Amino acid sequence: MQQVFPDQIKKKLGRIAAAPERISLTKKIQRINQLKKERNAVILAHNYQIPKIFHTVADIVGDSLALAREAEKIDADVIVVAGVHFMAETTKLLNPDKTVLIPDLKAGCSLAESITVKDVIELRKKYPGIPIITYVNTSAVVKAASDICCTSGNAKKVVEALGVPKVIMIPDEYLAQNIAKQTNVEILTWKGHCEVHERFTPQEVEQLKKDYPEASILVHPESPPAVINAADFSGSTAEMSDFIKQGRADEVILLTECSMSDNLAVLHPEVKFIRVCNLCPHMQRITLDNILMSLEENKYEVIIDPSIVNKARLSIKRMLEV
Ligand code: 13P
Ligand code: SF4
């Protein structure tokens, strides 16, 4: 768990915010931290959260896989998810007796919106007996209709762990195509895309290579296969962070959501970050103000239809066992 000490926060704030803003920010952060104590609450933050959240009030940070794993171990009454709705649902499924809050219910995801439970039922009819692997970036009801979940950090492992020649991987077409290149398992897929990563192009990567010949270009597996081919490294948000932490590049382009570079630059002033990126409008909905509101007003509580809870949880648990 990332401990929050005032001195550490002060040091990081110096790299995050200009002096005039620091006083009001400090007040907000202190109020949030006080409420966390009063309510026995923790804040889980995804790697795409802005530095003002990621480096100040977050207790646990990471990629979708790490957050799912950590969620299981949390000893708190209240969990605030600084991330998008499917992450809050995953947290609730793994912590059914705790109050799970998301500060903005509109923090969605284009992948989660690309598929419905009806689509999954149709796929089952069309391909009887073929297991359905669902990316965690889906609603709880889609997870409940699937056999097992995966994240970008464990997708290949999950595909191969099933021990079958053919699987269906929904809803991210590009993630499925990228994993298909790494395994002998045949992968059928869906037509969902991440609105942040689908916009990167191989031409953009080639141009960046010319403009910044010394820079390593890191991409996320939700990007089109041609982008992955052109880049130097592809991995989940945690794998990209590890690449930097291991000192594998002095100059880097994180061709992903903008907060990745912003957060890593606070920790690694020795690395030169070339800021070419796209913003995720859903991740950006979470702010320090609505986190404060969330703790003060107990909003918005994540409630999952009891009729699908067990099945959805099973899909996640199966993934965590792989
Ligand atoms: P990670 O699982 O790599 O953190 O990715 C989640 C996500 O939403 C990427 O767009
Ligand atoms: Fe969804 Fe893409 Fe935003 Fe991640 S970055 S939450 S996949 S829209």
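Residue numbers run consecutively from 1 along every chain, following the written order of its sequence. Chains carry letters from A onward and ligands carry numbers from 1 onward, assigned in written order. The predicted nature of this model means local features are confined to residues of pLDDT at least 70 and side-chain atom pairs, given and counted, to a pLDDT of 80 or more, with totals for whole chains, interfaces and linings taken over all residues. Computation of side-chain values: all heavy atoms of the structure, hydrogens and water removed.

K.L.:
For the overall build of the protein, give the residues involved together with the corresponding values.
P.N.:
Counting secondary structure elements, the protein contains 16 helices and 12 strands. Taken over the C-alpha trace, the protein has a radius of gyration of 20 Å; the compact-globule value for 322 residues is 20 Å, and the two agree within 12%. Taking the principal axes of its C-alpha atoms as reference, the protein extends roughly 60 × 55 × 30 Å. Counting over 322 residues, the protein shows a buried share of 57%. Contacts in the protein between residues far apart in sequence, at least 24 positions, make up 61% of those at least 6 positions apart. The method behind every accessible area is Shrake-Rupley, applied with a 1.4 Å probe, and residues are considered shielded solely by the protein chains displayed. For the protein, the accessible area works out to roughly 14200 Å², and carbon and sulfur atoms hold 51% of it. Every helix listed is a DSSP run of H or I at least four residues long, and every strand listed is a run of E at least two residues long, numbered separately from the N terminus. The quantity called the radius of gyration is restricted to C-alpha atoms. Its globule counterpart is 2.2 Å times the number of residues to the power 0.38. Whether a residue is buried, partly exposed or exposed follows from its accessible area with a 1.4 Å probe, protein chains only, as a fraction of its type maximum: under 20%, in between, or over 50%, in that order. Working rule for contacts: check all heavy atoms of both residues, and any pair within 4.5 Å makes them a contact.

K.L.:
Explain the sheet that holds strand β3 (residues 78–82) to me, using residue names and the numbers behind them.
P.N.:
Spatially, β2-β1-β3-β4 is the arrangement adopted by the 4 strands of the open sheet, whose pairing is parallel. Across the chains shown, the open sheet's two edge strands, defined by having one partner strand only, are β2 (60–62) and β4 (99–101). Ignoring which end each strand starts from, the neighbouring axes of this sheet average 20 degrees apart. Two strands are said to pair when DSSP picks up at least two bridges between them. Bridge count for strand β1 (residues 41–46) against β2 is 3 bridges, and the pairing is parallel. Between N-to-C directions, angles cover 0 to 180 degrees, with each direction set by a line fitted to C-alpha atoms, over the stretch in contact for helices.

K.L.:
Which residues make up the site of ligand 2, and what values go with them?
P.N.:
Distances are taken per atom, and a residue is near a molecule or strand as soon as one of its heavy atoms is within 4 Å of it. In the neighbourhood of ligand 2, the contacting residues comprise Tyr48, Val84, Cys109, Ser110, Leu111, Asn137, Cys194, Val196, Glu222, Cys280, His282 and Met283. Residue polarity follows a fixed list, in which Ala, Val, Leu, Ile, Met, Phe, Trp, Tyr, Cys and Pro are nonpolar, Asp, Glu, Lys and Arg are charged, and the others, Gly among them, are polar. A per-class count over the shell around ligand 2 returns 8 nonpolar, 3 polar and 1 charged.

K.L.:
Can you lay out the packing of helix α4 (residues 64–73) against helix α5 (residues 85–94) for me, pointing to particular residues and giving the numbers?
P.N.:
α5 packs onto α4 with a crossing angle of 30 degrees between their chain directions and a minimal axis gap of 8 Å. On the basis of the axis angle, α4 is roughly parallel to α5. The hand of the α4/α5 crossing is right-handed. In contact with Ser64, Ala68, Ala71 and Glu72 of α4, α5 contributes Phe86, Met87, Thr90, Thr91 and Leu94. The residue inventory of the contact of α4 with α5, partitioned by class, reads 5 nonpolar, 3 polar and 1 charged. Any angle between 65 and 115 degrees counts as roughly perpendicular, while under 35 counts as roughly parallel, over 145 as roughly antiparallel, and the rest as oblique. Note on convention: near helix rotated counterclockwise from far helix by under a right angle means a left-handed crossing. Clockwise means right-handed.

K.L.:
A description of the environment of Val78 should follow, citing residues and the corresponding values.
P.N.:
Mapped onto the elements, Val78 comes out in strand β3. Along the chain, Val78 and Asn298 lie 220 residues apart, while their C-alpha atoms are 9.1 Å from each other.

K.L.:
Describe the sheet that holds strand β10 (residues 233–234), and please don't skip the residues or the numbers.
P.N.:
Spatially, β10-β9-β11-β12 is the arrangement adopted by the 4 strands of the open sheet, whose pairing is parallel. Since the sheet does not close on itself, it has two edges, and those belong to β10 and β12 (272–273), each with one partner. In terms of strand pairing, strand β9 (residues 216–219) meets strand β11 (residues 251–255) through 4 bridges, oriented parallel. Across the sheet, residue Ser216 finds its bridge partner in β11, namely Val252. Its contacts with the sheet place helix α13 (residues 237–245) against β9, β10, β11 and β12, and it is angled at close to 160 degrees to β9.

K.L.:
Can you lay out the site of ligand 1 for me, pointing to particular residues and giving the numbers?
P.N.:
The local shell around ligand 1 consists of His46, Tyr48, Asp63, Ser64, Asn137, Ser152, His197, His220, Glu222, Ser236 and Thr237. Whenever a nitrogen or oxygen atom comes within 3.5 Å of another N or O atom, the pair is scored as a polar contact, on the condition that within protein one atom can donate a hydrogen and the other can accept it, and that pairs from neighbouring residues in sequence are kept only if both atoms are in side chains. Between ligand 1 and Asn137, the relevant distance is 3.3 Å, taken from an oxygen atom to a side-chain nitrogen or oxygen of the residue. His220 places a side-chain nitrogen or oxygen 2.8 Å from an oxygen atom of ligand 1. Compared with its free state, where it exposes 300 Å², ligand 1 has 95% of that area covered by protein. Broken down by class, the residue content of the shell around ligand 1 amounts to 1 nonpolar, 8 polar and 2 charged.

K.L.:
Give me the lowdown on the state of the cysteines, citing residues and values where you can.
P.N.:
By definition, disulfides here are pairs of cysteine sulfur atoms that lie within 2.5 Å. Counted under the stated rule, the structure contains 1 disulfide. What pairs with Cys258 in a disulfide is Cys277, and their sulfur atoms sit 2.2 Å apart. Disulfide Cys258-Cys277: torsion about the S-S bond near 100 degrees, hence right-handed. Taken together, the residues span a long stretch of sequence, with Cys258 in helix α14 (residues 258–267) and Cys277 in the loop between β12 and α15 (288–297) at a distance of 19 residues.

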